[in-house]
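Structural features, examined
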Amino acid sequence: TKWVYSFGDGKAEGKSEMRNLLGGKGANLAEMANLGLPVPPGFTITTEVCTYYYAHGETYPAELKGDVEAALAKVGALTGKTFGDPANPLLVSVRSGARASMPGMMDTVLNLGLNDETVEAVAKLANDRRFAYDSYRRFITMYSDVVLGVDHHHFEEILEGYKSQHGHTLDTDLDADDWAKLVVEYKAKVEKELGKPFPQNPQDQLWGAIGAVFGSWMNQRAITYRRLHSIPESWGTAVNVQAMVFGNMGETSATGVAFTRNPSTGENALYGEFLVNAQGEDVVAGIRTPQDLTERARIAAGSDKPSMESALPDAFKEFERISHVLEKHYRDMQDLEFTVEKGKLWMLQTRSGKRTAKASLRIAVELANEGLITQEEAVARVDPASLDQLLHPAIDPKAERNVIATGLPASPGAAAGAIVFSADEAETMKHQGHKVILVRIETSPEDIHGMHAAEGILTSRGGMTSHAAVVARGMGKPCVSGAGSLRIDYAAQTLTVAGKTYKKGETLTIDGSTGQVLAGEVPMQQPELSGEFATLMGWADKVRRLKIRANAETPLDARMARSFGAEGIGLSRTEHMFFDAGRILAVREMILADDEAGRRSALAKLLPMQREDFVELFEIMKGLPVTIRLLDPPLHEFLPHTDAEVQEVAKSLGVEVERIERRQKELHEVNPMLGFRGCRIAIAFPEIAEMQARAIFEAAVIAAKKTGEAVVPEVMVPLIATKAEFDIVNARIQAVAKAVEEETGAKLTFQVGTMIELPRAALRAKEIAETAEFFSFGTNDLTQTCYGVSRDDAGTFLGPYVQKGIIEVDPFVSIDVEGVGELVKIGVERGRQSRPDIKLGICGEHGGDPASVAFCDEVGLDYVSCSPFRVPIARLAAAQAAL
Ligand code: PEP
Ligand code: MG
């Protein structure tokens, strides 16, 4: 086995494709050497050595020692120096380098090879004693910290003490003798801490550092990081040993970091920082303020410190040239590290740079426009989930966050406002011109008007598909749900958390992208949709197979959905229309009625209103498919809850309070989600379904006349478990259609289909599809019933499940492919057995989750339907699934 790969002098044994073996850093160092770029010579000890090390009781392969010696000799030959030579010593850096960049592991040791003897040789050769001792003290600090486990703060204390004792303020005030004295103190400190002296033998130093890199692969921080990012332990890390080049050799030396394009805006302009007369860690440590690379950036920042462009013009020009070479070669924005030693530029690292969502979009589109990548590659490069950041206001990354509680990130975006504890209060305050955050233990359909009025919603109970979460996402409003540490007292109008009480009217900020609740009003950034966004969406649309629809019922949502590119409505939840101020009274009258006649008279009042709703929806959607679902939730949700409300309703309806209370008791259920809801209502009270069907068909006739476009409504029956249920409701709908045709003389085209949201429906899909013309998988209820987990209460126990690794992701966020997904697959297969061309979609919240969209593409659904704000995410995810 080859354990060691050399590079330098315009060639290398490795290359960038060997990332698994050489780690990211090692593979790219080799690649840069092959490209003829100035890379200090060195070698990479492979990740296989790491694997061997752990498989063999933390020992190395027998050949490794000889291989490393040979590689070191090669580096020596290229630099004209010898490792450990007291007269002409080679100094090296030792760095870790896993396949994926991994914080938590041993990072870097510089200047290795220095000791009491070689430091004098370095001083003589460089003709700079201060430089030599400055390097030596840096080496002792770093090596002691990361290899020997003597924390760096010990050395910082000694340094600070020394400086104040001698009246120095800056490190640059110290001369060679100062550093030499500090080196003595540092070594004494190490000996005191460890009971043995700082290692003087360069070979011991080297193997100590190599061992520390491999050892850090299994330290707690690295293990935790790997678990959080699903990085297998078996990958291992590589070790890179490289000849030192020095950025701390005076005013013509420097060190810096750069991005080939701006990582926060994506602008195509070199962006970075450097420090004159410094070594790598000074830039990161923030002890000195770095300077801008380019004149342009310096002027923009209003800085009076010279840029690299003006201070080191030749090195800068060379660096600029190389940054173009690397970007072209890797076909992506690069994150670079470099050092200038006495005017000569050296490249120390290149890798694809991390970037914001905004930058990611702009860079992908511009790289494609520049011809460096294809449009498909551009589509593949943008993370669909990151689009959320672009569509909603976000907390200013520079803002201070005083987090008082954390719940679920139920609906993205940030919002600030005065807290209020009821929907009515939210509406009133909004009318008075205030911005409010609606705070509830949980929300119910009767809070919709308050949710509309609020900037954001905060609940202490409920999961990712709780009412608050679903409705907020639909409205595109930020929501934090299930923040369990909040104590909400409606009577006192207060919210208490961590011993502090917030009264009504006090300001809080919620971040629905992270689930954080923050004290006060935190500064925000408003979203702006760039031209690149539209361009990339257009490219995505060219490659995707899945159609994208939206879940929407209000005209506002429907228009929003259209503007985001929805190709129809996949779910219109009609119950949301029942809560409008103008009609809730008629709905309640209908529910309170003692008999069918009473219900019919109340329904007659509702009919024209529902018809208007649908006419408007059809008009907005201009001939695109619209799926309308019959009433789904349990009826008691529509009744008033508090005593005051009950009294008010009793008065306006002219009925006894007792009557309402009696009906409340009759309708009360222990498990409403498994209770009297869905098609069960349509079967018990067919007149409700008939009214809705009539409203739909009459609206279709009116809208078709108005727009001149054919309207083909899809009527959807919720919560079907058996074919018999579907057939009963379907028969009523068909009868209404016939009646409307006769009355209007118009010919109707429509489909009647069903939600598949109960396991039994999925299993019996074959017979259900004999009469149902389409299926829409309701994966919210399907997850709830497949898992036996209440979607409204899941927050409290699924959170810990995810943290403990019992489940990987919340199944209400991303479809559980193995369980719920299996039911969907069965539903698809069996449905097609009796109706091969059956139209298949999904309308659960998963329709806007990229991983779930990929699953829907794979099982061959025709469309996904999601909240309007998620439509762009779904379009991009569907395109990536098709690539
Ligand atoms: C579902 O159950 O997935 C669904 C879309 O319906 P709802 O969320 O309204 O129950
Ligand atoms: Mg459902």
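Residues numbered from 1 in each chain as written. Chains lettered and ligands numbered in written order. Predicted model: local features only at pLDDT ≥ 70, side-chain atom pairs only at ≥ 80, totals over all residues.

1. Thoughts on the UniProt feature "domain: PEP-utilising enzyme mobile" (unreviewed entry) in the protein chain
UniProt records the feature "domain: PEP-utilising enzyme mobile" (unreviewed entry) at residues 435–515, using the numbering of this structure. Structurally, residues 435–515 is divided into 19% helix and 35% strand, and its ends, taken at the C-alpha atoms, are 20 Å apart. (UniProt positions renumbered as here; feature names shortened; annotations may be inferred. Helix = DSSP H or I, 4+ residues; strand = E, 2+ residues; numbered from the N terminus.)

2. Side note on the site of ligand 1
Surveying the vicinity of ligand 1 reveals the residues V470, L571, R573, D632, E757, G778, T779, N780, D781, C843 and G844. Counting only elements with at least two residues in the shell around ligand 1, the list comes to β28 (569–573) and α32 (779–787). With three residues, the top contributor of residues to the shell around ligand 1 is α32. Each residue belonging to the shell around ligand 1 can be placed in one class, and the counts come to three nonpolar, four polar and four charged. (Near = placed C-beta within 6 Å. Nonpolar A, V, L, I, M, F, W, Y, C, P; charged D, E, K, R; others polar.)

3. What about the confidence of the model for the protein chain?
Residues at a pLDDT of 70 or more form 99% of the protein chain, whose mean pLDDT is 93. Scoring the predicted complex yields pTM 0.85 and, for the interface, ipTM 0.99. (pLDDT = per-residue confidence, 0-100.)

4. Thoughts on unusual backbone geometry
Phi at E58 takes a positive value of approximately 55°, unusual for a residue other than glycine. When you line up the elements, E58 lands in the loop between α2 (47–55) and α3 (64–79). In this structure, R331 is a non-glycine residue whose phi angle is positive, near 55°. Residue placement: R331 occurs in the loop between α13 (313–330) and β12 (334–341). For R331, a count of 14 C-beta atoms within 10 Å gives the class partly exposed. (Buried ≥ 20, exposed ≤ 12 C-beta atoms within 10 Å, placed from the backbone.)

5. Considerations on the sheet that holds β28
Pairing between sheet strands relies on hydrogen bonds along the backbone, with the strands arranged either parallel or antiparallel. Read once around its circumference, the closed barrel built from eight strands follows the order β27-β28-β29-β30-β31-β32-β33-β34, with strand pairing classed as parallel. If you compare each strand with its neighbour and ignore which way they point, the axes differ by 25° on average. As paired elements, strand β29 (residues 626–629) and strand β30 (residues 713–717) share four bridges and run parallel to each other. Paired with V626 across the two strands is P713, which belongs to β30. Taken strand by strand, helix α36 (residues 871–882) contacts β27 (547–551) and β34 (863–866), and its axis lies near 160° from that of β27. (Pairing = 2+ DSSP bridges. Axes fitted to C-alpha atoms, helices over the stretch in contact; angles between N-to-C directions. Contact = placed C-beta atoms within 7 Å.)

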